[in-house]
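# Structure assessment
The chain contents come next:
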Amino acid sequence: MAGKREKPARAGAGAKQQAEPKAQKAPKDPKKPKGLKEPKEPKEPKAPKAPVATGDFPRGGATGLTPLEFREVARRAENEVLFSDGVTDGQAGKKRRPQDAEDGPKTRKKKTKAAKAGTAVEATASNNDDDDERASPVESLSLKRLTEGALVLGCVAAIRDLELSVSLPNGLVGTVPITSISPELTALVEKAAEAAADSDDDDDDAMDVDGGDKDDPLDLHRRFFVGQFVKCAVASVTDGKSAAAGKKGKPRPRLELTLMPEEINRRIDPDDLCEGMVLSASVRSVEDRGYVLNTGLPGEKVAAFLPTGAAQAWIDRWMPHAAELRPGQLVEAAVVSVSSDRRALRLTIDPAAVSQAEVKEPFKTMASAQPGHLVSATVVKTWDRGLSLRFMGFYDCSADLTNIDMPAARDQTEVEARYSPGDA
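Here is a short report on the structure shown in this document. Everything numeric here is computed off the predicted structure, so don't read it as measured data.

Taken in spatial order, the five strands of this closed barrel run β6-β7-β8-β10-β9, and their pairing is mixed. Sheet twist, expressed as the mean angle between neighbouring strand axes with direction ignored, is 50°. Sheet topology note: the strand β9 (residues 330-338)/strand β10 (residues 344-348) ladder contains four bridges and is antiparallel. When the bridges of β10 are listed, Ser337 appears paired with Arg346. Packed on one face of the sheet, helix α6 (residues 183-198) meets β6 (278-286) and β7 (290-294) and runs near 40° to β6.

Here's what the structure looks like:
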């Protein structure tokens, strides 16, 4: 119809037509069903990581402590917590009751003291349990327990021409050849052997190396006396099966010992040298004002000097027939002073000073402790055969009935009547 007006176009319709057409989406694949996702491309497998080298300090909580050291550290930490807080773990979680506020300050103080006392008792009981676990059982010295290199304190029982007979605890007896006493004496023996090989005279003249038969340089009677204490190292142990037969035709075991200073003192740490330590030493040379001693300590050479005055008391008491010490003679000397660089020692063999010499500084290693050292020990536990002891705070040891002057004790009750845990 001519009179019919056309509807105006909507605003923006022409704009849409004039605007550039947008990129049309790609037509969907008619064959692909709806709801089905395209498969993902497989990922390339990752290369395995190279193993990480473990360093000196591995992560993950590893420690360099032994189980015994770990338990000791844990015990000390627990005690510090208990004594610092005054309460146990169970008491720490409890809430304060209202009646505690009504009791007043005096009652609270009493309760706090009681709680601390109870905690102290619990901690002491815990310490005693740990001490009992660590207590070393008493084992008597026997031939089966002796191994090569073990150190034992002995006493000279007999002096022969070419050897010493040394008495050890529990009836054991060892033999020391003349070539196992000191390096200086061994050198004299070799010198005498060379003189005997080169000489055509009789044996008496051949042994005359240092001026005649009256002053035999190899005479052990001029260097030792019966009853002299010596530190011995086990050189070899021969059981009865492989030993020679005795007088009754039965095989007899043989225990060979050595007194060489380098064998006795080779385990001592130079850092542990301190006043009061007693060392085995041999006379290296005789000087105008004293004697130069050979201690055989490991590492760099340590010079040890014994003044003449510090040796005269020992000579007057034990060897009044001798004017001075002889080269190769073995002595037990107490350390009087140590130089700052620990390379020079001043010693004494005065019997009174040696008998009272006590090591008061804790050793860096237990290997520095030797038989014959005087130390202060604490009783840890009593046994029917002796005591378990602890010295320098953390080194455990034991002493049988003979060493605690109770050889006739029959049971643990008699030992407890004289000693109790905690005695020093």
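Here we come to the sheet that holds strand β12 (residues 386-391). Strand order in the open sheet formed by three strands is β11-β12-β13, with antiparallel pairing between adjacent strands. Here the strands that pair on one side only, and so sit at the sheet edges, are β11 (377-383) and β13 (395-400). Shown here is a sheet whose adjacent strand axes are inclined to one another by a mean of 30°, direction ignored. In terms of strand pairing, β12 meets β13 through six bridges, oriented antiparallel. Bridged to Leu389 within β13 is Cys397.

Moving on, we get to the side chain of Gln370. Among the structural elements, Gln370 can be located in the loop between α10 (351-356) and β11. Classification of Gln370 by relative accessible area gives buried; the value is 7%. Side-chain polar atoms of Gln370 contact the backbone oxygen of Ile264, separated by 2.8 Å. One polar contact links Gln370 to Asn265, side chain to side chain, over a distance of 3.1 Å. If we skip the residues at most four places from it in the chain, Gln370 touches Leu151, Lys231, Ile264, Asn265, Ile268 and Val278.

Counting 32 residues, the largest nonpolar core has Met277, Tyr291, Leu293, Leu306, Leu325, Leu345 and Ile349 as the members making the most contacts within it. Where this core is concerned, the elements lending two or more residues are β6, β7, β8 (303-307), α9 (308-318), β9 and β10. Dropping the residues within four chain positions of it, Leu293 is found in contact with Ala281, Ser282, Val283, Arg284, Ala304, Leu306, Val331 and Leu347. By size, the runner-up hydrophobic cluster in this structure holds 24 residues, among which are Val166, Ile181, Ala192 and Leu259.

Time to look at the packing of aromatic side chains. How two aromatic rings sit relative to each other is set out by the distance from centre to centre and by the angle between their planes. Here the structure, examined in full by the defined rule, presents four aromatic pairs. Note on Phe225 and Trp318: the rings are 4.7 Å apart at their centroids and 5° apart in plane angle, and the pair reads as stacked. Highlighted residues: Phe225 in the loop between α7 (203-206) and β4 (229-238) and Trp318 in helix α9, separated in sequence by 93 residues. The buried category is assigned to Phe225, whose relative accessible area is 14%. Each ring, one from Phe391 and one from Tyr395, has its centre 5.5 Å from the other, and the planes form 45°; the classification is tilted. Exposure remark for Phe391: the relative accessible area of 7% places this residue in the buried category. Lying across the ring of Trp383, Lys381 places its NZ or CZ 4.5 Å from the centre.

Right, let's talk about the pairing of β9 for a bit. Two strands pair when backbone bridges link them, and β6 and β9 are joined in this way by five bridges, in the antiparallel orientation. What sits directly across from Val278, in β9, is Ala334. In this structure, the hairpin formed by β9 and β10 is closed by a connection of five residues, where Arg342 is found at a positive phi of approximately 55°.

Applying the stated rule across the entire model yields seven salt bridges. For Asp219, the salt bridge is made with Arg222, and the minimal N-O distance between the two is 3.6 Å. Judged by its relative accessible area of 22%, Asp219 is partly exposed. For Arg222, a relative accessible area of 27% corresponds to the partly exposed category. Here Arg266 and Glu263 are joined by a salt bridge, their closest N and O atoms 3.6 Å apart. With relative accessibility at 35%, the residue Glu263 sits in the partly exposed group.

On the secondary structure map, Ser167 appears in strand β2 (residues 163-167). Taking relative accessible area as the criterion, Ser167 reaches 32% and is therefore assigned partly exposed. Along the primary structure Ser167 and Leu153 are separated by 14 residues, whereas in three dimensions their C-alpha atoms are 9.0 Å apart. Apart from residues no more than four positions distant in its own chain, Ser167 is found in contact with Gly154, Cys155, Ala157 and Leu172.

Inspection of the secondary structure puts Val173 in strand β3 (residues 173-177). With 19 residues separating them in the primary sequence, Val173 and Gly154 have C-alpha atoms 8.9 Å apart. The residues touching Val173, leaving out its near neighbours within four places in the chain, are Ser165, Val166 and Leu255.

The rules behind these values
Residues numbered from 1 in each chain as written. Predicted model: local features only at pLDDT ≥ 70, side-chain atom pairs only at ≥ 80, totals over all residues. Heavy atoms only, no water. Pairing = 2+ DSSP bridges. Helix = DSSP H or I, 4+ residues; strand = E, 2+ residues; numbered from the N terminus. Axes fitted to C-alpha atoms, helices over the stretch in contact; angles between N-to-C directions. Contact = heavy atoms within 4.5 Å. Buried < 20%, exposed > 50% of the residue type's maximum accessible area, 1.4 Å probe, protein only. Polar contact = N/O pair within 3.5 Å; in protein donor to acceptor, adjacent residues only side chain to side chain. Core = buried A, V, L, I, M, F, W, Y, C linked by side-chain atoms within 4.5 Å. Phe/Tyr/Trp six-rings, centres within 6.5 Å; stacked < 30°, edge-to-face > 60°. Lys NZ or Arg CZ within 6 Å of the ring centre and 35° of its normal. Salt bridge = Lys/Arg side-chain N within 4 Å of Asp/Glu carboxyl O.

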